Each structure stands twice: as structure tokens, then as C-alpha cells.
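Summary of structural features
Below are the chains, spelled out letter by letter.
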Amino acid sequence: MALAQENVLIPDVGLRVKALESLLAEKGAIDPKSLDLLVEAFETRIGPKNGAKVIAKAWVDPEYKKWLMKDGTAAIKSLGYSGVQGENMVVIENTPTVHNVVVCTLCSCYPWPTLGLPPIWFKSAPYRARVVIEPRAVLREFGLEIADDVEVRVWDSTAELRYLVMPMRPAGTENFNEAQLAELVTRDSMIGTGLALAPGK
Ligand code: FE
């Protein structure tokens, strides 16, 4: 039911937002370019920083990681990240033998409190359709080559569940503190279309 409602609402909301944006720009209340910059910031810089802090904490704190894997919603909420589109969080861990990638095949469900706004490609029909059918090819287009002996698991988000990928901690970060580690956790690494950055890159 919730999903059906969401699907019906999205185009309508999109139109309303566009209409509002045009009106505000016309009245000189906003500059569309600044708005684009703001959206971009929430997509790539501000939003995903919350998720990065969650992952970095899990990398350094085994007890927290255990809790995060068992009850993602509560463990994430304990750091102050909760609310709309983050009510039911499931964290899935990448390992040397399993790589996880997240999609919402029906619409564009995305964990807002931890990742901010979804990138355009996440909402695009080609990503949603193809990542299920040929995940390795899609990941290759993101510059991510997954070895043949690594299993790729695709997780389909729903209106009820949002997934967050825990990327593998990069090698050479043994002496990194939590804040330094968080810098290595990119948005794409928490969707599964990328890896955490190697130190110094
Ligand atoms: Fe969705």
C-alpha cells in the first residue's frame, strides 16, 4: 500500500516542486543555480557524511558493529541519524568474498538520514533495471571491477526497508582514527557502486 502511494505521489510532488521553483525564481526569491548547488551538496557532501560516521565507528568499535549489524535502525539512531526514510535500516557488510549493492527497483527508496538525497542515477530506470540483471556490468561502468570469485548480491529496497552497505575497511588504515576513516567512506561505497577510498587518494 505504502509503495503504491509513493509511486503515485512522486510525479505529482516532482511537478509541484518544479512549479514552486519556477515561481520563486521568477519572483527573484531564489537563484536556480544556487539551488542546484544546494541539492548537489546534500547529494554528495553533507548527506553521506552521516553514513560515513556510522561506518567509521563500526570499523573501530567491534561492539558498535555487532549492534549495527543486529539492529541497524537503533545503532544508527544512537548517533543522531533517524527519521523519514530511515525508519528501518539494515546494514549489509562487504567481505573479501561478497560484494553488496543496493537498488530500489520500484522507485527510488533511499536512506535519507544516512546518505542525504539520492543521486540522479540511483533514480534512473536503466540503473534500477540493469543492476538486477547484470550487476557486474553496471558496477564496471562505475569503474568497479568485481573479481569472478566474489559473489555480488543485489538488495532491493522497499518502502519498509532501507539498506546501507558497510564497505571493507581499506588496507593501510590501521593507525587512522574515526574521523580520518570517515573521510574515506564515500556515498557510492555505502550504496555498493564504489569502494571506500584507499588512504592518500
Ligand atoms: Fe523505492
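See the structure shown above.
Criteria and thresholds
Each chain has its residues counted from 1, running along the sequence as written. Only residues with pLDDT of 70 or above have their local features reported here, since the model is predicted, and side-chain atom pairs are shown and tallied only from 80 upward, although totals for entire chains, interfaces and linings are computed over all residues. Side-chain metrics rest on all non-hydrogen atoms present in the structure, leaving aside hydrogens and water. Pairing of aromatic side chains requires ring centres within 6.5 Å, counting the rings of Phe and Tyr and the six-membered ring of Trp. Pairs whose planes differ by under 30 degrees are stacked, by over 60 edge-to-face, and all others tilted. Counting from the N terminus, the helices are DSSP H or I runs at least four residues long and the strands are E runs at least two residues long. Consider the ring centre and the ring normal. A charge sits over the ring if Lys NZ or Arg CZ is within 6 Å of that centre and within 35 degrees of that normal. Buried Ala, Val, Leu, Ile, Met, Phe, Trp, Tyr and Cys residues form a nonpolar core when they are joined through side-chain atoms within 4.5 Å. Only protein chains enter the calculation, and the probe is 1.4 Å; a residue is then buried if its accessible area is under 20% of its type maximum, exposed if over 50%, and partly exposed in between. Here, residues are in contact when the closest pair of their heavy atoms is within 4.5 Å. Detection works on a 1 Å grid of protein atoms alone, calling trapped sets that fit a 1.4 Å probe cavities and calling open sets with protein on both sides within 12 Å along at least five of seven lines pockets, with lining residues defined by an atom within 4 Å of a point. Grid points are joined across faces, edges and corners, and a volume is the space filled by probe spheres set on the points. Note on residue categories: nonpolar means Ala, Val, Leu, Ile, Met, Phe, Trp, Tyr, Cys or Pro, charged means Asp, Glu, Lys or Arg, and polar means any other residue, Gly included. In this analysis a donor is any N, O or S atom within 2.8 Å of a metal ion (3.2 Å for sodium, potassium and calcium), and since water is not included, sites may seem incomplete. Here a site with four donors is tetrahedral if all angles are between 85 and 135 degrees, and a site with four or six donors is square planar or octahedral if opposite donors are over 155 degrees apart and the other angles are between 65 and 115; anything else gets the irregular label.

**Let's talk about the packing of aromatic side chains**
A full pass over the atoms with the stated rule returns eight aromatic pairs. A centroid spacing of 6.1 Å and a plane angle of 85° characterise the contact between Tyr64 and Trp67, whose relative ring orientation is edge-to-face. Here the residue Tyr64 and the residue Trp67 both occupy positions in helix α4 (residues 62–70), the gap between them amounting to three residues, near one helical turn. Relative to Tyr163, the ring of Trp155 lies with its centre 5.2 Å away and its plane at 55°, an arrangement referred to as tilted. Stacked on the ring of Tyr64, the Lys or Arg Lys57 has its end atom at 5.3 Å from the ring centre.

**Considerations on the nonpolar core**
If you look at the biggest cluster of nonpolar residues, it comprises 42 residues, and the most contacted ones within it are Leu68, Ile76, Tyr127 and Leu164. Setting aside chain neighbours within four positions, we find Leu68 in contact with Val54, Ala58, Ala75, Ile76, Val91 and Met166.

**Some thoughts on empty space enclosed by the protein**
A probe matching the size of a water molecule, rolled over the atoms, marks out where space remains unfilled. Scanning the model with the defined rule gives one cavity of 30 Å³ or more in all. Quantified by volume, the largest cavity comes out at close to 30 Å³. Val102, Cys109, Tyr110, Pro111, Leu115, Phe122, Ser157, Tyr163, Met190 and Ile191 together form the lining of the largest cavity. Taken together, the residues that form the lining of the largest cavity break down as nine nonpolar, one polar and no charged.

**A short note on the coordination of the iron ion**
Protein ligation of the iron ion involves Cys104 (SG), Cys107 (SG), Cys109 (N) and Cys109 (SG), the donor distances falling in the range 2.1 to 2.7 Å. Coordination at the iron ion is irregular: its four donor atoms span angles of 79 to 125° at the metal. Read in sequence order, the donor residues coordinating the iron ion give the pattern C-x2-C-x1-C. By relative accessible area, which is 0% here, Cys104 ends up buried. Residue Cys107 is classed as buried on the basis of its relative accessible area of 5%.

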